[in-house]
Amino acid sequence: MKISSLKPGDTAYQLYRHKMGNTTISTLSVWRVSVKEVHEEHVIASVNGNAPRKYRERDVAKWKKKEPILIRSRMGYSRLATKAEKEALTSG
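Quick notes on the rules
Residues numbered from 1 in each chain as written. Predicted model: local features only at pLDDT ≥ 70, side-chain atom pairs only at ≥ 80, totals over all residues. Heavy atoms only, no water. Salt bridge = Lys/Arg side-chain N within 4 Å of Asp/Glu carboxyl O. Buried < 20%, exposed > 50% of the residue type's maximum accessible area, 1.4 Å probe, protein only. Core = buried A, V, L, I, M, F, W, Y, C linked by side-chain atoms within 4.5 Å. Helix = DSSP H or I, 4+ residues; strand = E, 2+ residues; numbered from the N terminus. Patch = residues over 30% accessible without salt bridge, like charges linked within 9 Å, V, L, I, M, F, W, Y side chains within 5 Å. Areas by Shrake-Rupley, 256 points an atom, 1.4 Å probe, with all protein chains shown as cover. Lys, Arg positive; Asp, Glu negative; His and termini not counted. Charge placed at Lys NZ, Arg CZ, Asp CG, Glu CD. Contact = heavy atoms within 4.5 Å. Pairing = 2+ DSSP bridges. 1 Å grid on protein atoms, 1.4 Å probe; cavity = no way out; pocket = protein on both sides within 12 Å on 5 of 7 lines; lining within 4 Å. Points joined across faces, edges and corners; volume = space filled by probe spheres on them. Nonpolar A, V, L, I, M, F, W, Y, C, P; charged D, E, K, R; others polar.

Visitor: In this structure, what is going on with the pattern of salt bridges? I would like to understand it.
Guide: It is possible for side chains of opposite charge to pair when their charged atoms get near one another. For the coordinates displayed, the defined rule picks out 3 salt bridges. A salt bridge links Asp10 to Lys7; the nearest nitrogen and oxygen atoms lie 3.9 Å apart. When its relative accessible area of 53% is taken as the criterion, Lys7 is described as exposed. Between Arg79 and Glu85 there is a salt bridge whose closest N-O contact spans 2.8 Å. For Arg79, a relative accessible area of 32% puts it in the partly exposed group. Overlapping salt bridges, with partners in common, bring together Lys7, Asp10 and Lys65 in one network.

Visitor: Where do I start with the nonpolar core in this structure?
Guide: Soluble globular proteins tend to pack their nonpolar side chains together in the buried interior. Core analysis: the largest hydrophobic core is formed by 11 residues, namely Ile3, Leu6, Ala12, Val33, Val35, Val43, Ala45, Val47, Tyr55, Val60 and Trp63. Elements with a minimum of two residues in this core: strand E2 (26-38) and strand E3 (42-47).

Visitor: In this structure, what is going on with a positive patch on the surface? I would like to understand it.
Guide: A contiguous patch of positive charge on the surface is contributed by Lys54, Arg56, Arg58 and Lys62. Along the chain, Arg56 falls in strand E4 (residues 53-56).

Visitor: Could you clarify how one ought to interpret the environment of Trp63 in this entry?
Guide: Within the secondary structure layout, Trp63 lies in the loop between helix H1 (57-60) and strand E5 (70-72). We classify Trp63 as buried; its relative accessible area is 3%. Aside from chain neighbours lying at most four places away, what touches Trp63 is Met1, Leu6, Ala12, Tyr13, Gln14, Val33, Ala45 and Tyr55.

Visitor: Just to check I follow, could you spell out the pairing of E3 for this structure?
Guide: When a strand is regular, its side chains alternate between the sheet's two faces. Taken across its 6 residues, E3 has 6 buried, putting it largely inside the fold. Burial along E3 is two-sided: His42, Ile44 and Ser46 and Val43, Ala45 and Val47, pointing in opposite directions, are all buried. Strand direction decides the pairing type here: E2 and E3, joined by 5 bridges, are antiparallel. Across the sheet, residue Val38 finds its bridge partner in E3, namely Val43. Where E2 folds back on E3, the antiparallel hairpin that results is connected by 3 residues. Sheet topology places E3 next to E4; 4 bridges connect them, and they run antiparallel.

Visitor: Can you help me understand the layout of surface pockets in this one?
Guide: The gaps left among the atoms become clear once a water-sized probe is rolled over them. Its boundaries defined by the atoms lining it, the largest pocket holds a volume of some 190 Å³. In this structure, the largest pocket is lined by Leu15, Lys64, Lys66, Glu67, Pro68, Ile69, Leu80, Ala81 and Lys86. Its residues assigned to classes, the lining of the largest pocket shows 5 nonpolar, no polar and 4 charged.

Visitor: Just to check I follow, could you spell out the pairing of E2 for this structure?
Guide: Sheet topology places strand E1 (residues 11-19) next to E2; 9 bridges connect them, and they run antiparallel. Of the residues in E2, the one forming a bridge with Arg17 is Leu28. The antiparallel hairpin formed by E1 and E2 contains 6 residues in its connecting segment, where Gly21 sits at a positive phi of about 65°.

Put into structure tokens, the structure is as follows:
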């Protein structure tokens, strides 16, 4: 995503990979990003309801415009859905 494609009031999504407690199993989380201000070189945004702060182009490049679909396993971790899984969810 580019800074030029954002405007105040937009919602973007940030993926965050982290460990599940004191294990080696990693999971994926999606955080909602609320854009407050857009400037030429940076964006003022609030991630997951926290206080707004400045994000530069390298941070904004990792954000997604559409909310990613996560698949949760029986073990408890989450992963991104494959193309086939996305098609099955939208068709059915």
